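Residue-level structural notes
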Amino acid sequence: MLIEKINADIIANMKAKNSIDATILKTLKADIQKVSIDTKKDIDDIMVIDVTSRTVKQFNDALDMYIKANQVEHITETKHRIEVVSAYLPEQVSEEEVIAAVNEVKIKIGATTKKDMGNMMKELSPMFKGKFDQKKLSQIVSSVLV
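Structural notes, computed from the coordinates. (Residues numbered from 1 in each chain as written. Predicted model: local features only at pLDDT ≥ 70, side-chain atom pairs only at ≥ 80, totals over all residues. Heavy atoms only, no water.)

Remarks on the layout of surface pockets
Space inside the largest pocket adds up to approximately 680 Å³. Taken together, 22 residues make up the lining of the largest pocket; nearest its centre are Ser53, Lys57, Phe132, Asp133 and Gln134. Sorting the residues of the lining of the largest pocket by element identifies α3 (45–69), α6 (117–128) and α7 (134–144) as the ones contributing at least two each. Ranked by residue count, the leading element in the lining of the largest pocket is α3, at eight residues. Considering only enclosed or pocket space, the second largest pocket measures out at about 200 Å³ in volume. Taken together, Ile20, Thr23, Ile24, Thr27, Leu28, Asp31, Thr55, Phe59, Glu77, His80 and Arg81 form the lining of the second largest pocket. Of all elements in the fold, only α2 (19–39), α3 and α4 (72–86) reach the threshold of two or more residues within the lining of the second largest pocket. By residue number, the principal contributor to the lining of the second largest pocket is α2, which donates six residues. In the lining of the second largest pocket, the residues fall into four nonpolar, four polar and three charged. (1 Å grid on protein atoms, 1.4 Å probe; cavity = no way out; pocket = protein on both sides within 12 Å on 5 of 7 lines; lining within 4 Å. Points joined across faces, edges and corners; volume = space filled by probe spheres on them. Helix = DSSP H or I, 4+ residues; strand = E, 2+ residues; numbered from the N terminus. Nonpolar A, V, L, I, M, F, W, Y, C, P; charged D, E, K, R; others polar.)

Overview of the pattern of salt bridges
Applying the stated criterion across every chain yields a total of seven salt bridges. The shortest N-O distance in the salt bridge between Arg54 and Asp50 comes to 2.9 Å. A residue pair is termed a helical-turn pair when its members lie 3 or 4 positions apart in one helix, as Arg54 and Asp50 do in helix α3 at four residues. Residue class for Arg54 comes out partly exposed when judged on its relative accessible area of 42%. When its relative accessible area of 27% is taken as the criterion, Asp50 is described as partly exposed. When salt bridges that share partners are traced, they join Asp50, Arg54 and Lys129 into one network. (Salt bridge = Lys/Arg side-chain N within 4 Å of Asp/Glu carboxyl O. Buried < 20%, exposed > 50% of the residue type's maximum accessible area, 1.4 Å probe, protein only.)

Points about a negative patch on the surface
A contiguous patch of negative charge, built from Glu4, Asp42, Asp44 and Asp45, is present on the exposed surface. Given a relative accessible area of 34%, Asp45 falls into the partly exposed group. (Patch = residues over 30% accessible without salt bridge, like charges linked within 9 Å, V, L, I, M, F, W, Y side chains within 5 Å. Areas by Shrake-Rupley, 256 points an atom, 1.4 Å probe, with all protein chains shown as cover. Lys, Arg positive; Asp, Glu negative; His and termini not counted. Charge placed at Lys NZ, Arg CZ, Asp CG, Glu CD.)

Some remarks on the packing of α2 against α3
Their axes nearest at 10 Å, the elements α2 and α3 cross at an angle of 125 degrees. With respect to each other, α2 and α3 are oriented oblique. Viewed along their axes, α2 and α3 form a crossing whose handedness is right-handed. Residues Leu28, Asp31, Ile32, Val35, Ser36 and Thr39 of α2 touch α3, and the partners they reach there are Met47, Val48, Val51, Thr52, Arg54 and Thr55. Class assignment for the residues of the contact of α2 with α3 results in six nonpolar, four polar and two charged. (Axes fitted to C-alpha atoms, helices over the stretch in contact; angles between N-to-C directions. Parallel < 35°, antiparallel > 145°, perpendicular 65-115°, else oblique. Left-handed = near helix turned anticlockwise from the far one by under 90°. Contact = heavy atoms within 4.5 Å.)

Quick notes on the side chain of Thr78
Inspection of the secondary structure puts Thr78 in helix α4. Of note is the side chain of Thr78, whose polar atom sits 2.8 Å from the backbone oxygen of His74. Not counting residues within four places of it along the chain, the set of residues in contact with Thr78 comprises Phe59, Leu63 and Tyr66. (Polar contact = N/O pair within 3.5 Å; in protein donor to acceptor, adjacent residues only side chain to side chain.)

Overview of the nonpolar core
One finds Ile6, Leu25, Leu28, Ile32, Val48, Val51 and Val85 to be the most contacted residues of the largest nonpolar core, which totals 22 residues. Of all the elements in the fold, those that place two or more residues in this core are α1 (2–15), α2, α3 and α4. Here the element with the most residues in this core is α3; it accounts for seven residues. Contacts of Val85, omitting those with residues within four sequence positions, involve Ile24, Leu28, Thr52, Thr55, Val56 and Phe59. Listed in part, the 17 residues of the second largest apolar core include Val102, Met120, Leu124 and Phe132. (Core = buried A, V, L, I, M, F, W, Y, C linked by side-chain atoms within 4.5 Å.)

Here is the structure:
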């Protein structure tokens with residue numbers, strides 16, 4: 001399970017006296033545990049991927065702000081956080097693969113207009129959860145519909 005890998009990596013980073021990475025992972029673990037408590041569900045890989053995806057998205061949003069504000073110190077730090085946390089996500093899918101899947105689903109469900117976007121997203125979101133940015137997925141789906 002991914003949570004066990006996170007625990008092992010926390011211990012390894014602490015032994016290596018890498019307090020920065022250990023702190024990043026401890027925070028991620030705490031976020032996962034909070035979701036587990038809030039939802040009253042046991043921690044599984046799906047939950048870990050979901051929380052990790054949200055965390056990476058938050059870091060990317062912060063990175064955009066730091067870039068706009070030209071805060072070099074924060075940019076470097078945030079890129080490192082993204083790198084550390086992203087290691088627990090499934091391998092990311094390329095945009096070309098997503099476009100191919102979008103076109104397949106479009107044909108499969110007979111989608112033609114923006115009104116069909118919800119049905120397409122319902123079909124596509126689970127396929128790419130944690131593997132591709134959902135906002136970009138939505139933009140791609142929107143671009144293929146009239």
